[in-house]
Amino acid sequence: MREHAVVIAGGGPTGLMLAAELTLAGVDVVVVELRTSQELESSRSGGLHSRTIEVLDQRGVAERFVSAGEMHSSVGYGYISLDISDFPTRHNYILALWQSHFERILAEWVDDLGVRVLRGSEVVGCTQDDTGIDVELAGDTPIRARYLVGCDGRRRTERGTDDVVRIATLTYHPHVSARDRAATARPGRVEQPIRAAELVGALSLATDLGTGQPLEHALRTAVLAVRLGELAGATSEELSDTYYVALLHASGCTSNSHEAAQLFGDDIAHRAAFFLIDPSDPAQVLGFYREYVGAGRPDDVREGMLEAALANPARAAESFAAMCEVAQRFSSWLGLAPGVEEALEYVFARWDGRGLPREIGGEALPLPARLLHVARDISLFLSAGGPEEARAVIERRAGEAYEPRLVQLALGDLDDAVAELDEARMWGIALAHEPFPQVMLTGERIDAGFGAIAALIGLKSPWLREHCVGVAELAEAAAWRVGLPADEIAFLRRAALAHDLGRISVPNAIWEKPGPLGLGEWERVRLHSYFTERAFAHCPELADLGRLAGSHHERLDGSGYHHGTEEAVHRQAARILAAADCYTAMREARPYRPALDPAAARVELEREVAKGRLDASAVDAVLAAAGHRVAKRPRELPGGLTERELEVLLALVLGHSNQVIADDLGISAKTVGHHVQHVYQKAGVRSRAAATVWAFEHELVQSAP
Ligand SMILES: Cc1cc2nc3c(=O)[nH]c(=O)nc-3n(C[C@H](O)[C@H](O)[C@H](O)COP(=O)(O)OP(=O)(O)OC[C@H]3O[C@@H](n4cnc5c(N)ncnc54)[C@H](O)[C@@H]3O)c2cc1C
């Protein structure tokens, strides 16, 4: 009799997809399919949804489908049309592709993977026993397997095949190993809501770095704006909106980084300088352009660039509008009040209507925007020149950039306001100033917040557009493969989305340099993961996530950065993140090298394993998730445990008695007793409780630390 680990009855989309997944996980599979070809009786499904394409992308085969279909940004169902172009994914479209076509592509992929498909063959019955199942085929020899999975689509009642689904479901159940059970036994962390202020506050620290401001600038602006709003009699809704407008006002700052780097050389330094000039004064604008346009290039090139920039003022206006629009999108992703989004359109507006958008000023500007203008500039000039400079600037610009009434109130309160601003405690002060009721984020809103962070990073450079989302998808898929608990996977996905947040602090001229980096440039690059970690460090709920996110360049042998220690990648999620980041980056082009093809990227990753820098199991999981076939490696267990002793230890963790363990493993209680003694010796413990702690310490039950 032929033998396989799994028989899949049915080679439709479900059966083929499952066959590919199992094969990539190293499982020996055969598909039995009634039809002799991919011909279908009717048109059936007409396309693939965004999430399906994401999954196919994780396996490295999305392009096969995308190149055969047609992308549409809106999804129609009945009379309802839904625009999905702002889905937080690179596959923000539906792919029009008839089922007969995508089935054919799936079949080709399965064929490439070497899966056996018995076409024109029908499963007509099965008999199961304790160790597996005999699958009967019409007019063919039966197949012996451990599992039979029914992927036979609509349930057919003729010839008893209805049983296939039922029996397969039953068969699947008893084969859960003690390790699997122990791995899932740990009660999942109940997700706590987090304050929007903390997530947006962390984002604001990064945007401060990206705009060349001291780290507390956006936080301080929020405090000053709310304080001023209270003096101005703002309603509680307006105060809340003001707070978030202040925190988010620069969150679109990366949207023009690439273009700004082309024009000004340093996309961060020029922003810091621009914020200090009066953009309504042509002389100041010209002075700014003269100093920054073409910085670092020969004089004749600079002259040409200056002329071109001055001849095209619309370009600058577009870039400011884009920054506002991006900030507005982030606000809507986070589900903040509509007033926040409305006011973010006017970050660069002025009371006299000479800002952007043009001709809109006075009370036509929402109050939160008017409060932002005064508070933001006080904060900017406090850093640039101190309280007297801040006072002089807002006094001078009253009635032009700012509403005169707000300037009067701000000047009257400035000394007290400044006295309360303690730079060392700015995070706490800013959180305490959030108007009541505090905005809380849960579940998908938190995910959306991290999606916004990934988008912000992606906008920094065309080379990075899809990087964070790609790493998150790959890390998530790999984490499922190694069996991390669901809450740890969600945690890893968020950390992966945010892992490059610190990149914003480094000028694009460095990221986009076509040649090798100098020593100083390297030092700045090495700081980016540090800033990722620090952006979240102030918030107890997010600090752990920041540590994981900031660990993506750490290596097992301590040769990575920024901690440069082995402990930094102690956690399995960190090892997966490091491997997923490496693989994704290698598959993307960079200014100094083309993208590597999948095989070359695999070789590089395996080289890192051989050097002891990346973890073998994490790399295997990442490669498998990316669509490579990976053979199982023998595992090295801590303390020299054998696989059997591990089984026993995990059963001990579950609190099972020796007799229950013996029954479960099919051995005598006496033998279990010997195994327990060996486990204790190898773990250096004397009790069950200590053995349990040891198992957690060594992540044998995949506990989150
Ligand atoms: C008329 C029709 C219209 C549809 N329109 C749409 C649509 O517009 N949009 C949409 O999204 N979806 C549509 N669907 C649903 C879509 O086609 C299914 O969701 C999809 O085919 C399910 O895939 P599957 O692999 O689970 O099952 P199937 O595609 O049904 O595949 C099951 C496979 O199992 C094989 N099989 C069955 N019994 C046995 C056996 N005993 N031994 C061996 N092989 C066996 C069959 O030959 C078949 O190839 C439609 C379905 C039908 C029937």
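Here is what the cut-offs are and how they apply
Residues numbered from 1 in each chain as written. Predicted model: local features only at pLDDT ≥ 70, side-chain atom pairs only at ≥ 80, totals over all residues. Heavy atoms only, no water. Helix = DSSP H or I, 4+ residues; strand = E, 2+ residues; numbered from the N terminus. Buried < 20%, exposed > 50% of the residue type's maximum accessible area, 1.4 Å probe, protein only. Contact = heavy atoms within 4.5 Å. 1 Å grid on protein atoms, 1.4 Å probe; cavity = no way out; pocket = protein on both sides within 12 Å on 5 of 7 lines; lining within 4 Å. Points joined across faces, edges and corners; volume = space filled by probe spheres on them. Salt bridge = Lys/Arg side-chain N within 4 Å of Asp/Glu carboxyl O. Core = buried A, V, L, I, M, F, W, Y, C linked by side-chain atoms within 4.5 Å. Polar contact = N/O pair within 3.5 Å; in protein donor to acceptor, adjacent residues only side chain to side chain. Phe/Tyr/Trp six-rings, centres within 6.5 Å; stacked < 30°, edge-to-face > 60°. Lys NZ or Arg CZ within 6 Å of the ring centre and 35° of its normal. Near = heavy atom within 4 Å. Areas by Shrake-Rupley, 256 points an atom, 1.4 Å probe, with all protein chains shown as cover. Nonpolar A, V, L, I, M, F, W, Y, C, P; charged D, E, K, R; others polar. Axes fitted to C-alpha atoms, helices over the stretch in contact; angles between N-to-C directions. Parallel < 35°, antiparallel > 145°, perpendicular 65-115°, else oblique. Left-handed = near helix turned anticlockwise from the far one by under 90°. Domains from an automatic or database assignment.

Bringing the overall build of the chain into the picture now. From N to C terminus, the chain includes 32 helices and 13 strands. Along the first, second and third principal axes, the C-alpha set of the chain runs to 90 × 65 × 55 Å. Each of the 705 residues in the chain was classed as buried or not, and the buried ones make up 52%. Partitioning the intrachain contacts of the chain with sequence separation of at least 6 by distance along the chain shows that 68% fall at a separation of at least 24.

We now examine empty space enclosed by the protein. For the structure shown, the criterion picks out three cavities of 30 Å³ or more. Estimates place the volume of the largest cavity at around 70 Å³. Around the largest cavity sit Leu224, Arg227, Leu228, Leu231, Ala375, Ile378, Ala410, Asp413, Leu414 and Ala417, which together line it. At the level of elements, α8 (217–231), α16 (367–385) and α18 (404–420) are the ones that each hand at least two residues to the lining of the largest cavity.

Pairing between side chains becomes possible if they bear opposite charge and their charged atoms approach one another. Taken as a whole, this structure holds 37 salt bridges when the rule is applied. The partner of aspartate 422 in a salt bridge is arginine 425, with the nearest N and O atoms 3.2 Å apart. Classification of aspartate 422 by relative accessible area gives partly exposed; the value is 30%. With a relative accessible area of 51%, arginine 425 lands in the exposed category. Between aspartate 500 and arginine 503 there is a salt bridge, with its nearest N and O atoms 2.8 Å apart. In this structure, aspartate 500 and arginine 503 share a single accessibility class: buried. It is possible to trace a salt-bridge network through shared partners that takes in Glu488, Asp544, Arg547 and Arg571.

Counting residues in hydrophobic clusters, the biggest one holds 145 residues, and the most contacted among them are Phe450, Phe536 and Ile576. Setting aside chain neighbours within four positions, we find phenylalanine 536 in contact with Leu199, Ala202, Phe450, Ile453, Ala498, Leu501, Leu542, Ala543 and Gly546. Of all hydrophobic cores here, the second largest spans 28 residues; its members include Ala19, Ala20, Leu97 and Val115.

Assignment of secondary structure puts arginine 688 in helix α32 (residues 688–697). For the pair arginine 688 and glutamate 70, spaced 618 residues apart in sequence, the C-alpha to C-alpha distance is 59 Å. When residues no more than four places from it in sequence are discounted, the contact partners of arginine 688 are Leu652, Gly655, His656, Ser657, Asn658 and Tyr680. Here the side chain of arginine 688 touches leucine 652 through a polar contact of 3.4 Å, landing on its backbone oxygen. At 2.9 Å, the side chain of arginine 688 and the backbone oxygen of histidine 656 are in polar contact.

This brings us to the packing of aromatic side chains. The full count for this structure, using the stated rule, is 11 aromatic pairs. With 5.8 Å between their ring centres and 70° between their planes, phenylalanine 288 and tyrosine 289 make a pair best called edge-to-face. Using a relative accessible area of 4% as the deciding quantity, one classes phenylalanine 288 as buried. The buried category is assigned to tyrosine 289, whose relative accessible area is 13%. Pairing phenylalanine 450 with phenylalanine 536 gives two aromatic rings, centres 6.1 Å apart and planes at 25°, and the pair type is stacked. With phenylalanine 450 in helix α20 (residues 443–459) and phenylalanine 536 in helix α24 (residues 519–537), this residue pair connects regions lying 86 residues apart in the sequence. Take phenylalanine 450 and phenylalanine 536: they sit in the same class, and that class is buried. Feature note: the residues Phe264, Phe274, Phe288, Tyr289, Tyr292, Phe320 and Phe348 constitute an aromatic cluster, connected by ring pairs. Between the NZ or CZ atom of arginine 503 and the centre of the ring of tryptophan 511, over which it lies, the distance is 4.1 Å.

This part covers the site of the ligand. Around the ligand sit 21 residues, and of these Thr14, Glu33, Arg35, Gln99 and Val123 come closest. The side chain of glutamine 99 places a nitrogen or oxygen atom 2.7 Å from an oxygen atom of the ligand. Taken by itself the ligand offers 1000 Å² of open surface, and the protein chains cover 65% of this. Mapped by element, the contributors of at least two residues to the shell around the ligand are α1 (13–24) and β2 (29–33). Split by residue class, the shell around the ligand holds five nonpolar, 10 polar and six charged.

Below, the discussion takes up the packing of helix α22 (residues 486–498) against helix α26 (residues 572–587). Angle between the axes and distance between the axes are the two parameters that describe a pair of packed helices. Direction vectors running N to C along α22 and α26 enclose 40°, while the axes themselves pass 10 Å from each other. Classified by the angle their axes make, α22 and α26 are oblique. Between α22 and α26 lies a crossing of right-handed hand. Contact residues: Glu488, Leu492 and Ala496 in α22; Ala573, Ile576 and Leu577 in α26.

Under the domain assignment used here, the chain contains domain 1 (2–165), domain 2 (195–326 + 334–441), domain 3 (443–625) and domain 4 (638–697). Each of domain 1 and domain 2 has a C-alpha centre, and the two are 53 Å apart.

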